[in-house]
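# Reading the structure
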Amino acid sequence: GAASIEVNGKTLTTEPIKLKILPAGSAPPQQQQSRNGRKNQRNDDDSTAPHGFPGFDDEDDLFTQLLKRRGFILNPGGGIKSAPQADKNAFFITVEANKKRAYVGEQIVATWSLYTKGDIQAFDALKYPDLKGFWKEDLEIAQRLNFQQEVINGVPYRKAVLVSYALFPISAGKKTIDPLKAKATVIDTQGTGMGVFGFGRPYTYVKSSQELPIDVVPLPNEGRPASFSGAVGKFNITGSLSSATVKVNQPFSLKIKFQGKGNVKAIELPALNFPSNLEVYDTKKESQFNKSGEGFIEFEILVIPRNVGESVIPPISLSFFDPQTSKYAVQNTPEFRVKVIPGDGSASPNVSSPMAGTSANSPIVVKDLHYLKTYSLWTLPKKAAPILWASAFLLPILCFGWAWRRLKSGGNGNVQDQLRKRARAKLKAARKKLTEGDWKSAGVEITNAVLSILGEVSGTGGASQTAEEMLRRIPNLDPKLQERVMTVLSHCELMSFAPEEMMAKDVKKDQKILSEAERVIENLLASKLSSKESS
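Note that the structure is predicted; figures quoted are calculated from it, not measured.

### Quick notes on the environment of Pro 342
Secondary-structure assignment places Pro 342 in the loop between strand E24 (336-341) and helix H3 (384-409). A relative accessible area of 56% places Pro 342 in the exposed class. Residues Pro 342 and Gly 309, 33 residues apart in the sequence, show an inter-C-alpha distance of 8.8 Å. Ignoring any residue separated from it by four or fewer positions in sequence, one finds Pro 342 in contact with Lys 247, Val 248 and Val 308.

Okay, here's the thing in structure tokens:
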């Protein structure tokens, strides 16, 4: 039937709408033809489809209609953007993602922008998105509002990017990118609020972006390599040697670099199959994202050759899932040949690295050892005996005095013990979570244990401080200990937020990180005690 409304004394009426109702199970001819057309197009273009999600056409239509009804604009490239909501001279915030549907672990670039027709006098971001269910990497965070002109539906606006993130969904299902909330003071420049001297009046508004729905689908099992550890994206792998000719017992480095569009920080170094005469001494890594969403992670492997001759390092491979082709792929480095020549004698062939342990066959060389002369306590030289007897008498007295002094003052020992007890409780909970297979909760417990100790040792309490800031506040802290702390926290971040495919197979490494966290905490407590004693 017709609908009518009265506007300014006039009645406006719509035309009646006629509907033809068909029997259940049949579709209107026009809709059936449209579906057939889409089906044929999908069959023709399936190999080059941008997303490659089979069987999602009908669901995609429903999802698209839902998005449009909720005020979103669909970009031709498959992205999604909240539509501007005009409010005269007030500002509004939009959120835009380059995908509305993604695989688990696939990169989504989300950008929040401010639009206005007026002049922004003051701006304050009240709340950034929490982004639960996503691994987040910062691509761009605006330090100031840099406006550019943009026309939407024929209307000119001034636009400034507020923040841009690379997001990686952790699990499958319907996800939501939550809003960014901000407050701004806007100057009216359109004439409705002009003052007596021709200047616009300031108005303060609080605005939020819309929630952005994202459909996350699981990775396929078909064609998944046994070596796949969760890398999703498009990557290239390259490698290089610091030198192809090296001296025996003199270290050289092998660099392996993974570069592309995806979560490069989640890529771990594949298993190394080095020949027995090449000893891996240490491994370092560096990673970075840029504004385009591309990034790299580079591993530098320090290697010590132990025997003269030619050594061959076999190719190192990375398996990953490519969302553009919806298939798994493998990239390999070439093999590396290292020629080991005799050294100059400055390093002993029997010296073993800290990571290799001590060889049972390594001889112990003692220089200028002729004989050892032993003494009985009762037959000591006359000059040494009084000193030894005095030390034996005074040592218990000094120890008792020190203990009494510590007990009386409450000492640092009690504080150290309390901190250690709290940290051990968290690590105990983490060990239990690991045995249950809940590595995400284990990563959180280890992180909290290390950060709580960092907060106490640095004197910051840990509130609103990053790990790097707290480490910088600890005086005379060993740089190697700083690096170990960051390594533990980096792996725990991986445990807490990485997709299941990446973490489920590496329980032994998680247990090693847990043990390393215990050692790091003890070292931090020792550094706190030594710094207090020195002061």
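### Considering the sheet that holds strand E15 (residues 212-217)
Across the sheet, which stays open at both edges, the 3 strands sit in the order E6-E15-E12 with mixed pairing between neighbours. The open sheet is flanked by strand E6 (101-103) and strand E12 (173-177), the only strands paired with a single partner. Strand-to-strand twist of the sheet, defined as the mean angle between neighbouring strand axes without regard to direction, takes the value 35°. Both E12 and E15 contribute to a ladder of 5 bridges, which runs antiparallel. Across the sheet, Gly 173 pairs through a bridge with Val 216, a residue of E15.

### Some remarks on helix H5 (residues 439-458)
Counted at 1.5 Å a residue, the expected span for H5 with its 20 residues is 28 Å, and the 28 Å between its end C-alpha atoms agrees. Regarding H5, the residues found buried are Trp 439, Ala 442, Gly 443, Ile 446, Thr 447, Ala 449, Val 450, Ile 453, Leu 454, Gly 455, Val 457 and Ser 458. Gly 459 lies just past H5 and shows a positive phi near 80°.

### Some remarks on unusual backbone geometry
Positioned with a positive phi, Leu 131 is a non-glycine residue whose angle comes to about 60°. Structurally, Leu 131 can be placed in the loop between strand E8 (119-127) and strand E9 (134-141). With a phi close to 55°, Asn 153 is a non-glycine residue in the positive phi region. Note that Asn 153 resides in the loop between strand E10 (148-152) and strand E11 (155-169).

### So, the nonpolar core
In terms of nonpolar packing, the biggest core is built from 32 residues, with Leu 254 and Phe 258 touching the most fellow members. Put simply, the parts of the chain that give this core at least two residues each are E9, E11, strand E16 (233-241), strand E18 (252-262), strand E19 (278-289), strand E20 (294-305), strand E22 (317-322) and E24. Non-local contacts of Phe 258, meaning those with residues more than four positions away in its chain, are made with Asn 236, Ile 237, Val 264, Ile 267, Pro 270, Gly 295, Phe 296, Ile 297, Phe 299 and Leu 318. By size, the runner-up hydrophobic cluster in this structure holds 31 residues, among which are Met 470, Ala 517, Ile 521 and Leu 524.

### Here's the deal with the pattern of salt bridges
Considering all chains together, one arrives at 19 salt bridges under this definition. As a salt-bridge pair, Lys 159 and Glu 150 come within 3.3 Å of each other at their nearest N and O atoms. Judged by its relative accessible area of 21%, Glu 150 falls in the partly exposed class. Between Glu 522 and Arg 424 there is a salt bridge; the shortest N-O distance is 3.5 Å. Here Glu 522, found in helix H9 (residues 507-534), pairs with Arg 424, found in helix H4 (residues 411-435); they are 98 residues apart in sequence, far enough to count as distant. Linked through salt bridges whose partners overlap, the residues forming this network are Arg 101, Lys 174 and Asp 215.

### A look at the packing of aromatic side chains
As enumerated under the stated definition, the model contains 11 aromatic pairs in all. Centre to centre, the rings of Trp 112 and Tyr 165 are 5.8 Å apart; their planes meet at 65°, and the pair counts as edge-to-face. Separated by 53 residues along the polypeptide, Trp 112 in strand E7 (residues 108-116) and Tyr 165 in strand E11 bring together distant segments of the chain. Overall, Tyr 165 belongs to the buried group, its relative accessible area being 4%. For the pair Phe 235 and Phe 320, a centre-to-centre distance of 5.5 Å together with 90° between the ring planes defines the contact as edge-to-face. A residue pair is termed long-range when its members are at least 10 positions apart, and Phe 235 in strand E16 and Phe 320 in strand E22 qualify at 85 residues. Judged by relative accessible area, Phe 320 falls into the buried class, the value being 2%. In textbook terms, an aromatic cluster arises when at least three aromatic residues are bridged by ring pairs, as seen for Tyr 103, Phe 228, Phe 321 and Tyr 328. The ring centre of Phe 147 lies 4.2 Å from the NZ or CZ of Arg 158, which sits over that ring.

### Digging into the confidence of the model for the protein chain
With 68% of its residues at a pLDDT of 70 or more, the protein chain shows a mean pLDDT of 76. The least confident element of the protein chain is helix H1 (residues 29-45), whose mean pLDDT is 45; the most confident is E6, at 94. Here residues 31-57 is a poorly scored stretch, pLDDT under 50, and it has 23 contacts once near neighbours within four places are set aside; other chains count. Segment residues 346-380: pLDDT under 50, and 26 contacts once partners within four positions in sequence are set aside and those in other chains are kept.

### Here's the deal with the pairing of E10
Each regular strand carries side chains that alternate between the two faces of the sheet. Sheet topology note: the E10/E11 ladder contains 5 bridges and is antiparallel. Of the residues in E11, the one forming a bridge with Gln 149 is Arg 158. Turn length for the E10-E11 hairpin, with the two strands adjacent in sequence and antiparallel, is 2 residues, and the turn residue Asn 153 shows positive phi of about 55°.

Basis of the calculations
Residues numbered from 1 in each chain as written. Predicted model: local features only at pLDDT ≥ 70, side-chain atom pairs only at ≥ 80, totals over all residues. Heavy atoms only, no water. Helix = DSSP H or I, 4+ residues; strand = E, 2+ residues; numbered from the N terminus. Buried < 20%, exposed > 50% of the residue type's maximum accessible area, 1.4 Å probe, protein only. Contact = heavy atoms within 4.5 Å. Pairing = 2+ DSSP bridges. Axes fitted to C-alpha atoms, helices over the stretch in contact; angles between N-to-C directions. Expected span 1.5 Å × (residues − 1). Core = buried A, V, L, I, M, F, W, Y, C linked by side-chain atoms within 4.5 Å. Salt bridge = Lys/Arg side-chain N within 4 Å of Asp/Glu carboxyl O. Phe/Tyr/Trp six-rings, centres within 6.5 Å; stacked < 30°, edge-to-face > 60°. Lys NZ or Arg CZ within 6 Å of the ring centre and 35° of its normal. pLDDT = per-residue confidence, 0-100.

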